Amino acid sequence: MSVEFIGMIGTQEVSEIRAATGPVIDRATVRGFVAAHEEAGFDKVLVGHSSSTPDGLQVAAYAAAHSERLGFLVAHRPGFTAPTLAARQFATLDHFTGGGRVAMHVISGGSDVDQRRDGDWLGKDERYARTDEYLSVVRRAWTEPDAFDHHGEHYRVAGVRQEIRPLSPIPVYFGGSSEAAHRVGGRHADVFALWGEPLAGTAEQIARVRDAAHAAGRAEAPRISVSFRPILGDTEEQAWARARDVHARIVAANGGHGSFTGTRMREPGAPANVGSQRLLAAAAAGEVHDRCLWTATAAASGAAGNSTALVGTPDTVAAALADYVDIGVGTLLIRGYDPIADARRYGSELLPAVRAELARRGAAVGVPA
């Protein structure tokens, strides 16, 4: 199994320890993100989504115009755009980027508050049912040569025949940790994305996704992606000193309580989405798991996003990432707390160490076919 590396870009350089500064869309920062990740050897970068941030497809289009080979995984919430229109939008971007550089990251919505800012009042189970139908229409719009109709609970279209189709298949990544997410993602996803849990919890979720794919009649289960926040040091002591500094800055940035991720303040109370609940449960069970998985950053930030760290030297963190590949992970999404500087360091130290460790273990490394 080949392994791909995904980073993350934004229109501001912001994190749990870096407050947003400057314009909401800083073109120089976007170009800096692109250059850092392309030079570092990442295969793709994630372009995130929320109800208050710039439109991801337009961000990806601008970023792609300033890159040579980097792929763009654009986060997308079903329900706000007609599936036929979304199919055209992604296919158009695929053409402008030369084909094979665009992927769709489907997020059905883990926050009722954020969904309602865009006028979505469906409950979680209803959102996943809508996503199921939505992706069926998107896939047909991308692939069916003849006109088709669709009459469903959430969408009704007639005579659909798209003139603009992807130059090459657009992979669908799918995020979620609930039973509904496993069921729908197991049916539709090319890649199923998880947050960085301990190895045992990750293996449990991989099994559930594979069972769901089998139940849906698929011959092959989705690939698995796992996300982490590596914190590196030249020595173990330096890495853990930096980790403790990051944790202190997360706490200090929020007056000793609460948290934010990116440009979104964490909502009060316990998180509604299962992924965050699982990260907080792992944090409650212990601060350090397996080789070097650190949960204190998740606890401090309310697990509002991928927030568990891997702490150590590049070799230690590389071995930890390879442990996840050993249990069936094919995509590694990593981003830092100092986003651009960390991406550059990942490129010079961590990615080569991961490739070397995987080669030693006999795993293949490269963009999936």
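What counts and what doesn't
Residues numbered from 1 in each chain as written. Predicted model: local features only at pLDDT ≥ 70, side-chain atom pairs only at ≥ 80, totals over all residues. Heavy atoms only, no water. Salt bridge = Lys/Arg side-chain N within 4 Å of Asp/Glu carboxyl O. Helix = DSSP H or I, 4+ residues; strand = E, 2+ residues; numbered from the N terminus. Buried < 20%, exposed > 50% of the residue type's maximum accessible area, 1.4 Å probe, protein only. Axes fitted to C-alpha atoms, helices over the stretch in contact; angles between N-to-C directions. Parallel < 35°, antiparallel > 145°, perpendicular 65-115°, else oblique. Left-handed = near helix turned anticlockwise from the far one by under 90°. Contact = heavy atoms within 4.5 Å. Nonpolar A, V, L, I, M, F, W, Y, C, P; charged D, E, K, R; others polar. Pairing = 2+ DSSP bridges. Right-handed = clockwise from strand over helix to strand, strands pointing away. pLDDT = per-residue confidence, 0-100. Phe/Tyr/Trp six-rings, centres within 6.5 Å; stacked < 30°, edge-to-face > 60°. Lys NZ or Arg CZ within 6 Å of the ring centre and 35° of its normal.

**Details of the pattern of salt bridges**
In this structure the tally under the stated criterion is 21 salt bridges. Among the salt bridges present, the one from R278 reaches E204, with a minimum N-O distance of 3.4 Å. Taken together, the positions of R278 in helix α9 (residues 274-285) and E204 in helix α7 (residues 199-215) put the pair 74 residues apart, joining distant regions of the chain. For R278, a relative accessible area of 17% corresponds to the buried category. Between E357 and R361 there is a salt bridge, with its nearest N and O atoms 2.6 Å apart. On the criterion of helical spacing, the pair formed by E357 and R361 is a turn pair, its members being 4 residues apart in helix α12 (residues 339-361). Residue classification places E357 among the buried positions, given a relative accessible area of 14%. In this structure, a network of salt bridges that share partners links the residues R291, D323, D326, E357, R360 and R361.

**Some words on unusual backbone geometry**
Its identity is not glycine, yet D290 carries a phi of approximately 55°, on the positive side. Among the secondary structure elements, D290 is positioned in the loop between β12 (288-289) and β13 (293-294). The phi angle at A303 is positive, at roughly 55°, despite the residue not being glycine. Note that A303 resides in the loop between α10 (296-301) and β14 (309-312). Given the relative accessible area of 0%, A303 is considered buried.

**A short note on the packing of helix α6 (residues 179-188) against α7**
For the pair α6 and α7, the least separation of the axes is 7 Å and the interaxial angle reads 55°. The orientation of α6 with respect to α7, classified from their angle, is oblique. For the crossing formed where α6 meets α7, the hand is right-handed. Counting all contacts with α6, which are made through H182, R183 and G186, the residues of α7 involved are Q205, R208, V209, A212 and A213. A class-by-class count of the residues in the contact of α6 with α7 yields 3 nonpolar, 3 polar and 2 charged.

**Points about the environment of A253**
Of note, A253 is situated in helix α8 (residues 236-253). When the C-alpha atoms of A253 and I17 are compared, they prove to be 6.7 Å apart, with 236 residues separating the residues in sequence.

**Focus: the pairing of strand β9 (residues 223-232)**
Along β9, 10 of the 10 residues are buried, which leaves the element largely enclosed by surrounding structure. Side chains of β9 alternate between two faces, with R223, S225, S227, R229 and I231 and I224, V226, F228, P230 and L232 buried alike. Pairing between strand β8 (residues 191-195) and β9: 5 bridges, direction parallel. Directly across from A193, in β9, lies its bridge partner S225. For the crossover that starts at β8, traverses α7 and ends in the parallel β9, the hand is right-handed. Where β9 and strand β15 (residues 331-334) come together, 4 bridges link them in parallel fashion. Residue pairing in the sheet places S227 in a bridge with L333 of β15.

**A word on the confidence of the model for the chain**
Looking at the chain as a whole, the pLDDT averages 92, with 91% of positions reaching at least 70. For the stretch residues 258-266, pLDDT sits under 50, and the model shows 29 contacts to residues farther than four places along the chain or on other chains.

**Some thoughts on the packing of aromatic side chains**
Taken as a whole and assessed by the stated rule, the structure comprises 5 aromatic pairs. Measuring from ring centre to ring centre gives 6.3 Å for Y128 and F174, while their planes differ by 35°; the resulting arrangement is tilted. Here Y128 is found in helix α5 (residues 124-143), whereas its partner F174 is found in strand β7 (residues 172-175), with 46 residues between them in sequence. Ring centres of W240 and W294 lie 5.7 Å apart, and the angle between their planes is 85°; on these two criteria the pair is classed as edge-to-face. One end of the pair, W240, is in helix α8; the other, W294, is in strand β13, and 54 residues separate them in sequence. The partly exposed category is assigned to W240, whose relative accessible area is 21%. Accessibility expressed as a relative area gives 3% for W294, which makes it buried. Ring pairs connect the aromatic residues Y128, F174 and F192, which therefore count as one cluster. Here R229 stacks its cationic end above the ring of Y337, 4.1 Å away from the centre of that ring.

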